[in-house]
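Commentary on secondary and tertiary structure
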There are 2 protein chains.
Amino acid sequence: MQKTPKSLRLHIGIFGKRNAGKSSILNSLTGQSSSIVSSYAGTTTDPVEKPMELLPIGPVLFIDTAGIDDIGALGEMRIERTRQVIKRTDLAVIVIEPGNLTEFELDLIKEFDRLSVPYILAVNKTDLKKLKDSSLETLKQKTSNIVICSAETGDGITELRKMLIKTAPPDFLESPAILSDLVGPGGIAVLVVPIDKEAPKGRLIMPQVQSIRDLLDGDSSALVCKDRELMSTLDKLKHKPDLVVTDSQAFLKVAADTPLDVPMTSFSILFARFKGDLVEMTKGAMVIENLEPTDKIMICESCTHHPITDDIGTVKIPRWLHQFVGGKLQIDHWRGHDWPENLEEYKLIIHCGGCMWNKREMLSRIMTAREAGVPITNYGLTIAYTLGIFERSLKPFPAAWEVYNKYKT
Amino acid sequence: MQKTPKSLRLHIGIFGKRNAGKSSILNSLTGQSSSIVSSYAGTTTDPVEKPMELLPIGPVLFIDTAGIDDIGALGEMRIERTRQVIKRTDLAVIVIEPGNLTEFELDLIKEFDRLSVPYILAVNKTDLKKLKDSSLETLKQKTSNIVICSAETGDGITELRKMLIKTAPPDFLESPAILSDLVGPGGIAVLVVPIDKEAPKGRLIMPQVQSIRDLLDGDSSALVCKDRELMSTLDKLKHKPDLVVTDSQAFLKVAADTPLDVPMTSFSILFARFKGDLVEMTKGAMVIENLEPTDKIMICESCTHHPITDDIGTVKIPRWLHQFVGGKLQIDHWRGHDWPENLEEYKLIIHCGGCMWNKREMLSRIMTAREAGVPITNYGLTIAYTLGIFERSLKPFPAAWEVYNKYKT
């Protein structure tokens, strides 16, 4: 059976001091022993991920975190890993023992408030120690999302499950469209999928599959072809299609082969909107206009796959940028969930589409870049800009198009 | 990064007596510690699966087996599990210690010969004990695929890797087409994909993705729509498509909405050909004609997912069969890699498409059924037969069509 991809699941992070019973709470919720439960403080050194169906929310991913209050070398690593979990958390459960909140939980709450992440306080181990009324009052000053429970006896676990559903961000249930809103019911989009060395046998890459599925969900149809067959495929249609979408690799050829009155864009630009913030990333791309040789920029890839020959992030985009700028930029490359501290040094951050990440992690990156005052854009927009097809590929998106015209003048 | 699905990987089984060094050989080949290596006999109780890229073969799956010569209860289970690995092995490595073959290895060789599975004899631990010339001569009487090696020192491991490539079945490198041969370069196929409760968010199921990819690989294009939009989608084309393929769930509606002169079939029938033996399964489907109430049949599902409401194998197919036969059949259901001993009791075996399995495992099932004298067919052919659209959906396949017409009269 195929599963919902991880990136589309609601990410529920389980936080709390070491030994507060995070793993036991997770196991009670999921009904399986997915974490190692032990009374030795700080057993869980890596985040344990547990996908499940939580009706009526649908597919979720529980992430069990490390003991964030550890000290020393290993402790530092754990804290860093937990911070990375926070970045991709859509909904947080803070597990505490009966008693008052300590600075530790208050720091977590402050961070969730800053990121607008909803959270639940789960008071665990109430079979061993009763929660005092005065303590409960203190907790209530922070949030009304409080559940009193015991993973050991199972008391309150059903209530916790209900609270998760109640607290889940509503936009998760009504996911935005990828492209079906641009095509409309009864419409047709042509998806151009070059098959190269990067495409594993028998597969399509995730953004392609998700786009086809999104069109079907929107009562539209998808006409899929390679770049080489685009012209002959367009010629099979009685009328022009409602949209042409291409992999960025074939951008120039597809722009040339698609009639000018047919809206055209790339998968990467669709995902800048679906997974991130297209308006913010449009502004970022416009910074390319004024980049100068020796300027320092950063190129980020969320996947940690090995770069292949002619890799888009390490070879092609630098090449196009250098041609556009007319000289060498200083380019740093980053992969995975890490990000450097010294963001301020960069004139621009160029990010991949983040197709394996959830929307919150992409938004969290955009917010971090904004806080550091560094413009951010993505691969597709950068390619479109450097190849001179930015206007055309942005036109299908009214909000971004408006911002572009405002800042252009 | 997306990976090649398991079912399309070349399955390389590692066999041998306990403590012959199977796991060490596997680790030397893959360069990673994926099995627990220990000198305690019989550590590996479950088959360990290790996917990797083995150039120029491409994506492979190594399967490390249990100690097949164990005795007692646990030993019995291990032997059974190893037998199941044999059924899905495309290429076998038999690891032995320097010396002559024992009855154990001879039995394995006999089984591989019966199933026409190529095998390699890997003489391990040659750092501890030299292989005598006389022993080598004995081995050579069985096969010329012999490698003398030591996982401990790494001697001969490169040679073993080369031997794997040399011995890999040639048809693995030139995988047969799923449907692109029926459509042709420059052609177009319409794929009808109903979206129901079984379809997880953001996904298409594997046979659909593989079919789209196969069309692209064959320089054709794929027009994907839901069953509800089929008529309006066909109307967008200037000319009739070369083929219409539907999920069996929408078979009747799609048959009605597709013009009679357009070839039409189902994903399940395509996969009977791609993963199994369409001619054999066509003969099997024709047995349905003469089934009578109280006849005993078996319905097999390779996935072990939980059946949903209106599940195809447990609800819909039995319903259609009962309507066709005009009474109740005795139906046994089987799931996963297991199969019962008493096959002879059944008048017919009806198998799922096996989209998660490799071709060898499906062929091995067909062979077992044939040996027991029991006809076998699959879901798609059964549905087509009971709904009265068998002729139409078989017509695109000349070999099966010929067999159908021969046996019909």
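First, a word on what this report is: a plain description of the structure on this page. (Residues numbered from 1 in each chain as written. Chains lettered and ligands numbered in written order. Predicted model: local features only at pLDDT ≥ 70, side-chain atom pairs only at ≥ 80, totals over all residues. Heavy atoms only, no water.)

1. Structural notes on the relation of the copies chain B and chain A
Once chain B has been moved 0.0 Å along the axis and rotated by 180 degrees, it coincides with chain A to within an RMSD of 0.1 Å. Taken together, the rotation and translation describe the operation of a two-fold axis. The share of interface residues of chain B whose copies in chain A are also at the interface is 100%, consistent with both copies meeting through the same surface. (Least-squares fit on C-alpha atoms with pLDDT ≥ 70 in both. Contact = heavy atoms within 4.5 Å.)

2. What about the sheet that holds strand β4 (residues 91-96) of chain A?
Residue and element names in this part refer to chain A. Here we have six strands laid out as an open sheet, ordered β2-β3-β1-β4-β5-β6, and mixed in their pairing. At either margin of the open sheet sits one strand with a lone partner, and together these are β2 (48-54) and β6 (146-148). Ignoring which end each strand starts from, the neighbouring axes of this sheet average 25 degrees apart. Of the pairings in the sheet, the one linking strand β1 (residues 10-16) to strand β3 (residues 58-64) comprises five bridges and is parallel in character. For glycine 13, the partnering residue across the bridge sits in β3 and is isoleucine 63. Here helix α1 (residues 22-30) sits on the sheet in contact with β1, β2, β3 and β4, set at roughly 160 degrees to β3. This element, helix α4 (residues 133-140), spans β4, β5 (119-123) and β6 of the sheet and lies at about 155 degrees to β6. (Pairing = 2+ DSSP bridges. Helix = DSSP H or I, 4+ residues; strand = E, 2+ residues; numbered from the N terminus. Axes fitted to C-alpha atoms, helices over the stretch in contact; angles between N-to-C directions.)

3. Overview of the nonpolar core
A general trend in soluble globular proteins is that nonpolar side chains are found buried together. With 158 residues, the main nonpolar core has Ile212 of chain A together with Ile212 of chain B as its most contacted residues. Not counting the four nearest positions on each side in its chain, isoleucine 212 of chain A is found in contact with Leu191, Leu204, Ala222 and Val224 of chain A together with Leu204, Ile212 and Val224 of chain B. (Core = buried A, V, L, I, M, F, W, Y, C linked by side-chain atoms within 4.5 Å. Buried < 20%, exposed > 50% of the residue type's maximum accessible area, 1.4 Å probe, protein only.)

4. Details of helix α13 (residues 312-325) of chain B
Residues and elements named next belong to chain B. Within α13, burial applies to Ile312, Gly313, Lys316, Ile317, Pro318, Trp320, Leu321, His322 and Val325. Close packing links the buried residues of α13 with β11 (296-301), β12 (330-335), β13 (348-351) and α15 (379-386). If you check the start of α13, you find a side-chain oxygen 3.3 Å away from the backbone N of glycine 313, and it comes from aspartate 311. Glycine 326, located one to two residues past α13, shows a positive phi value of around 80 degrees. (Polar contact = N/O pair within 3.5 Å; in protein donor to acceptor, adjacent residues only side chain to side chain.)

5. Some words on the pairing of strand β11 (residues 296-301) of chain A
Residues and elements named next belong to chain A. Of all six residues in β11, five are buried, a share of seventy percent or more. In this structure, β11 lies alongside strand β12 (residues 330-335), joined through six bridges in parallel fashion. Across the sheet, cysteine 300 pairs through a bridge with tryptophan 334, a residue of β12. One ladder, built from four bridges, connects β11 with strand β13 (residues 348-351); its direction is parallel. Within β13, the position partnered with isoleucine 297 by the bridge is leucine 348.

6. What to know about the interface of chain B and chain A
Taken together, the 45 residues of chain B in the interface contact 46 residues of chain A. Taken together, both faces of the contact between chain B and chain A bury some 4,500 Å²; the carbon and sulfur share is 57%. The interface formed by chain B and chain A includes six salt bridges. Across the pair aspartate 235 of chain B and lysine 238 of chain A runs a salt bridge whose closest N-O atoms are separated by 3.1 Å. (Buried area = accessible area lost by both parts, 1.4 Å probe. Salt bridge = Lys/Arg side-chain N within 4 Å of Asp/Glu carboxyl O.)

7. Describing the side chain of threonine 167 of chain A
Residue and element names in this part refer to chain A. Structurally, threonine 167 is set in helix α5 (residues 157-167). A residue is classified by how much of its surface remains accessible, and threonine 167, at 11% relative accessible area, is buried. Within the local environment of threonine 167, its side chain forms a polar contact with the backbone oxygen of methionine 163, the two atoms lying 2.4 Å apart. Sequence-distant contacts of threonine 167, that is, excluding residues within four places in its chain, are made with Leu91, Pro118, Tyr119, Ile120 and Asn145.

8. Let's talk about unusual backbone geometry
Excluding glycine, residues mostly have negative phi values, and the peptide bonds linking residues are mostly trans. Phi is positive for serine 116 of chain A, close to 55 degrees, though the residue is something other than glycine. At threonine 294 of chain B, a residue that is not glycine, the phi angle is positive and equals roughly 75 degrees. Among the secondary structure elements, threonine 294 of chain B is positioned in the loop between α12 (278-286) and β11. Its relative accessible area of 57% is what places threonine 294 of chain B among the exposed residues.

9. A few points about the sheet that holds strand β14 (residues 376-378) of chain B
Residues and elements named next belong to chain B. Read across the open sheet, the four strands follow the order β12-β11-β13-β14; overall the sheet is parallel. Both edges of this open sheet fall to β12 and β14, since each of them pairs with a single strand only. Put simply, the sheet's adjacent strands are angled 25 degrees from each other on average, direction ignored. Against the sheet, α15 touches β11, β13 and β14, its axis set at about 85 degrees to β14.

So, to be careful, I would describe these as geometric facts and stop short of saying anything about function.
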